[in-house]
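A closer look at the structure
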There are 2 protein chains.
Amino acid sequence: MKTNKHLYAVILAGGSGTRFWPLSRHLYPKQLLRIMGEETLIQQTMRRVLRCVPASRVLISTTPAQADSIRFQLGKWKDQLRDNFVIEPEARNTAPAIALAAMELVRRDPDAMMLVLPADHIIKGDQRFQAAVALGTMLATQGHLVTFGVRPIRPETGYGYIQPNRRARLATRARLVGYAVARFVEKPDTTTAARYLRSGNYYWNSGIFVWRASTILDEIARYQPAVARPLQKIGAGLKSGVVAGQAARAYRRLTPVSIDQGVMERSSRAAMIPVDFAWSDVGNWSSLDEVAPRDRSGNAVSGNVVDLGSHGSIVYADRRLVATIGLADMVVVDTPDATLVCPKARSQDVRKVVEILKKQGAPEHLEHRTVFRPWGSYTVLEEGPGYKVKRVTVNPGGRLSLQLHHRRSEHWVVIQGKARVTCGPRVFDLGVGQSTGVPKETRHRLENPRSEPLEIIEVQNGPYLGEDDIVRFSDDYGRR
Amino acid sequence: MKTNKHLYAVILAGGSGTRFWPLSRHLYPKQLLRIMGEETLIQQTMRRVLRCVPASRVLISTTPAQADSIRFQLGKWKDQLRDNFVIEPEARNTAPAIALAAMELVRRDPDAMMLVLPADHIIKGDQRFQAAVALGTMLATQGHLVTFGVRPIRPETGYGYIQPNRRARLATRARLVGYAVARFVEKPDTTTAARYLRSGNYYWNSGIFVWRASTILDEIARYQPAVARPLQKIGAGLKSGVVAGQAARAYRRLTPVSIDQGVMERSSRAAMIPVDFAWSDVGNWSSLDEVAPRDRSGNAVSGNVVDLGSHGSIVYADRRLVATIGLADMVVVDTPDATLVCPKARSQDVRKVVEILKKQGAPEHLEHRTVFRPWGSYTVLEEGPGYKVKRVTVNPGGRLSLQLHHRRSEHWVVIQGKARVTCGPRVFDLGVGQSTGVPKETRHRLENPRSEPLEIIEVQNGPYLGEDDIVRFSDDYGRR
């Protein structure tokens, strides 16, 4: 397929991760998870859009907290994506995020069209996806705000429903038809949803859109002037995709509003293409039923699991052992620091657990034991009074900032690869089985000079071991 | 109560731990667990028998694999118990273990009487227990093999049932009556068990006994000559409670036989005292219902648990977070390296999981991440290719053997206390935040010279990291 040279893709990757807890965390949301198959959801989304546009025309819309993890996961395309991150200072729902990306695109190409899609959906049937986008792009050039409609299979109350105007066929291509939108109803009650389902003339809003960047900006200005006005100033100050300083403060003050309720429900330009690919927004653990491969007893099992006679259950383990006996329609999710057990039918209440943890200040809602950084990652193996033990992985060629800590000393033992260590005035290399100590108040740096990963065990000692006890003198990644 | 000066207690502490997995392990069975209250089951058992005999007259019957952990848990009485361990080379069920202990007692005191009780039962009502033992001791002096009968509350098929001969009242004391035994039936089928329950004239065999040591040896010789003959030789070679060399090989060849089936069912000397204390052998997770305190929803919850609306469930966590939603009559047990989830009604199948793990050679059936040694303990924090990270705790005044490893180097970082390190020819002290490296093929020793515990993080590097890569030159605990 010859792709439209004005078409760009905008992957919305700013969502937070409450409903797939404990696999997702506030700082490690669903899009970063390997929920199905070898690749994470954002990697699958990236591959999907590459059928429609080259990587250099993919924009990633995200927040500062997630940018490092996403850059790591999309490392394969790091050169093409280098300048393509649009980073919101803070998530403000989809309308501001889309406006920001649209302004960036108009700056690059006044005729830019944008395919907007969440980073964390599962779609099966990439060819049909591609065909739908092609028809959508055609309608977008004509000034439509194009949505993609999925045929409903249950009276879901969490989605928007779209009724097409069957008498207003806008275009046809590759067995697909685009209609004008008759009605757009966000999150109906159960009775209404059931009626829509029976009628056969309502579609779920997939949350995927195509439009001209300038058109969506016009419509946001028309229907959400309170958001659009400050955004014009904010967008003008956008540098390399980052909103900084006063503009960031203004962005944080924006009222969160979704593009669906804020614009699509109101706009007369809305069009809809009923699609024929399989789609799931994998909204909670039980929705894996729609997409995950299951064994003969209807279980979706992964990781180090020993099961005796369960059925209809989702058991998600990693390296730790999980033994299950006789479970019926249950969800068991095990991670290094937290385990969830609940009936499938209660999956939607997982967010309540996350709310409780947040109120308690429990670290398990916020992040995993493994945290990704631009230079690699670290895993907390144990914390106790006065000490913390981490395994630190430094990517080939990566290096941490030149830094010092006021309140802790560190000891490093190399367990894989070669480490280049700066400690005070000295620079030296350590191989596997070699170690060094870094006293507090001493400038130091850890670096991987080789093309293999470097792994060390770090033992920290001190009265205060927070990540914020750090003074950075120089950093390859612009951090302070 | 004035205690009989010929009375000894023998705590049977050789059981293996399959039914409380993952909290129990093959090398860390139920008796070592803190299942109810502040103390572990063997500690509770020790306190109970101290109402009847002084600590110097308590014998611990166990196996080499468990002796260190038991000595650690009974450390409060270590001086009195020093020479009171009778260590079977390998568990051979109760008859050989009891015979061995009886031979040791007869050697000490030809008139010895022995109160025999498993280390892992829960009893509530220590005064009534004491009264029952007093009456039992009286009957034992008259040559009876005294059992204690518990009134059955369900048609349990896993226990032995005892019918007293109501016309043969042997003695009465403190509202208790001792009867001759009419019948002794081991593990009846469900129909029979239900009939016994209805009849009101059968009692569960509690597995607790009192008899004269010489009497039980006579009865074992009469009913189990194939066990008794080799045991006479083995017992003659018993030194400081340890069966070594050829005697150990002979012991391992003994056919395992229980005292119940092997002797009690057959002996005409059997007597039974119906008891009035609450008793549970806590045979599996669901039996906690009988003894554990529960919340208003009938849940027994401990550890770091967040629950939303569960009822009738057992949720056992430790430091890791476990979140449960809407569970009904489930068991969830979480440990650092393994998690179990099953309906209460399937608790008895936990042993099948353990069998599978054993066949797979999975380490999770064998021991915990934390392993107790005579000098303290260690916890494996992480293992990977070529490295292992441990936290090592050395008790005040404790020291590891002088040792070397052929295939690994070690690095030690002190996180608490003071370490005295021997490394090659040097001996030096390290404080918190200090570290040292031990190259392979180097004699070394770690020692805690202080009265506070010492804790270090140990990072091992090498191609082989098994515990058996150790050459011991000198050891305070006689290990080779």
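Residues numbered from 1 in each chain as written. Chains lettered and ligands numbered in written order. Predicted model: local features only at pLDDT ≥ 70, side-chain atom pairs only at ≥ 80, totals over all residues.

**Digging into the relation of the copies chain A and chain B**
Taken together, a rotation about one axis and a shift along it account for how the two chain copies relate. Condition: We place the copies in one frame by least squares, fitting the C-alpha atoms of every residue whose pLDDT is at least 70 in both. A residue pair is marked as a contact if its C-beta atoms, positioned from the backbone, fall within 7 Å.
Expressed as a screw transformation, the operator carrying chain A onto chain B has a rotation angle of 180° and an axial translation of 0.1 Å, and the superposed copies differ by an RMSD of 0.1 Å. The relationship between the two copies is best expressed as a two-fold rotation axis. The rotation axis passes nearest to the C-alpha of Leu 381 of chain A in chain A, at a distance of 3.1 Å. By residue overlap, the copies meet face to face through one surface: 100% of the interface positions of chain A are interface positions in chain B.

**Looking at the interface of chain A and chain B**
Where interface size is given, it is often the accessible area lost as the parts come together that is meant. The condition that has to hold: Numbered from the N terminus, helices here are DSSP runs of H or I no shorter than four residues, and strands are runs of E no shorter than two. Here the term charged refers only to Asp, Glu, Lys and Arg, the term nonpolar to Ala, Val, Leu, Ile, Met, Phe, Trp, Tyr, Cys and Pro, and the term polar to all other amino acids, Gly among them. In short, DSSP must find at least two bridges between two strands for them to pair.
Facing 45 residues of chain A, the contacting portion of chain B comprises 45 residues. Ranked by residues supplied to the side of chain A that touches chain B, first place goes to strand E17 (residues 338-343) of chain A with six residues. For the side of chain A that touches chain B, a count of residues per class yields 25 nonpolar, 11 polar and nine charged. Both E17 of chain A and strand E15 (residues 321-325) of chain B contribute to a ladder of four bridges, which runs parallel. Following the sheet pairing, Val 341 of chain A is matched in E15 of chain B by Thr 324 of chain B.

**Description of unusual backbone geometry**
Residue and element names in this part refer to chain A. In this structure, Pro 22 follows Trp 21 across a cis peptide bond, with omega equal to 5°. Of note, Pro 22 is situated in the loop between strand E1 (7-12) and helix H1 (41-49). Not every positive phi belongs to a glycine, and Lys 187 is a case in point at roughly 40°. In this fold, Lys 187 is placed in the loop between strand E8 (176-186) and helix H6 (190-199).

**Remarks on the nonpolar core**
Within soluble globular proteins, side chains that are nonpolar generally end up buried alongside one another. To be explicit about the condition: Think of a nonpolar core as buried Ala, Val, Leu, Ile, Met, Phe, Trp, Tyr and Cys residues chained together by C-beta atoms that fall within 7 Å. Exposure classes come from backbone-placed C-beta atoms, where a residue is buried if 20 or more other C-beta atoms lie within 10 Å of its own, exposed if 12 or fewer do, and partly exposed in between.
Core analysis: the largest hydrophobic core is formed by 233 residues, its most contacted members being Ile 11 and Met 114 of chain A together with Ile 11 and Met 114 of chain B. If we ignore the near neighbours within four places in the chain, the residues touching Ile 11 of chain A are Ile 42, Thr 45, Val 49, Val 58, Ile 60, Ser 61, Leu 117 and Ala 119 of chain A. Formed by 34 residues, the second largest nonpolar core is a distinct cluster that contains Ala 419 of chain A together with Tyr 387, Leu 446 and Leu 454 of chain B.

**Some words on the sheet that holds strand E22 (residues 409-416) of chain B**
Residue and element names in this part refer to chain B. Put simply, the rule reads: Lines fitted to C-alpha atoms define the axes, with helix axes restricted to the stretch in contact, and inter-axis angles between N-to-C directions lie between 0 and 180 degrees.
Across the sheet, six strands lie side by side as E18-E19-E20-E27-E22-E25; this open sheet has antiparallel pairing. Each edge of the open sheet is held by one strand with a lone partner, namely strand E18 (370-373) and strand E25 (435-438). The average angle at which neighbouring strand axes cross in this sheet is 25°, direction not considered. As paired strands, E18 and strand E19 (residues 376-384) are joined by four bridges and run antiparallel to one another. Across the sheet, Arg 373 pairs through a bridge with Gly 376, a residue of E19.

**A short note on the packing of helix H4 (residues 94-108) of chain A against helix H8 (residues 225-236) of chain A**
Helix-helix packing is characterised by the crossing angle of the two axes and by the distance between the axes. Residue and element names in this part refer to chain A. We apply this condition: Roughly parallel means an angle under 35 degrees; roughly antiparallel, over 145; roughly perpendicular, 65 to 115; everything else is oblique. Note on convention: the crossing is left-handed when the near helix lies turned anticlockwise from the far helix by less than a right angle, right-handed when the turn is clockwise.
Axis separation between H4 and H8 bottoms out at 10 Å; the angle between their running directions is 40°. Considering their axes alone, H4 and H8 lie oblique with respect to each other. Regarding H4 and H8, the two cross each other, and that crossing is right-handed. Contacts between H4 and H8 involve Ala 95, Pro 96, Ala 99, Leu 100 and Met 103 from the former and Val 227, Ala 228, Leu 231 and Gly 235 from the latter. Taken together, the residues of the contact of H4 with H8 sort by class into eight nonpolar, one polar and no charged.

**Description of the domain arrangement of chain A**
All names here are of chain A. We apply this condition: Domain boundaries shown here were taken from an automatic or database domain assignment.
Once the domains are mapped, chain A shows domain 1 (7-280), domain 2 (285-350) and domain 3 (370-474). Each of domain 1 and domain 2 has a C-alpha centre, and the two are 30 Å apart. Residues belonging to the side of domain 1 that touches domain 2 are distributed by class as follows: six nonpolar, one polar and one charged.

**Focus on the pairing of strand E15 (residues 321-325) of chain A**
All names here are of chain A. The element E15 is extensively covered by neighbouring structure, given that five of its five residues are classed as buried. What you see with E15 is no split at all: Leu 321, Ala 323 and Ile 325 on one side and Val 322 and Thr 324 on the other are buried throughout. Here strand E13 (residues 305-308) runs beside E15; their pairing, made up of four bridges, is parallel. Bridged to Leu 308 within E15 is Ile 325.

**Here's the deal with the packing of H4 of chain A against helix H7 (residues 213-223) of chain A**
Residues and elements named next belong to chain A. Where H4 meets H7, the closest approach of the two axes is 9 Å, and the angle between their N-to-C directions is 135°. By the criterion of interaxial angle, the relationship of H4 to H7 is oblique. Crossing angle aside, the handedness with which H4 passes H7 is left-handed. In this structure, H4 uses Ala 95, Ile 98, Ala 99, Ala 102, Met 103, Leu 105 and Val 106 to contact H7, whose residues at the interface are Ala 213, Ser 214, Ile 216, Leu 217 and Ile 220. The residue inventory of the contact of H4 with H7, partitioned by class, reads 11 nonpolar, one polar and no charged.

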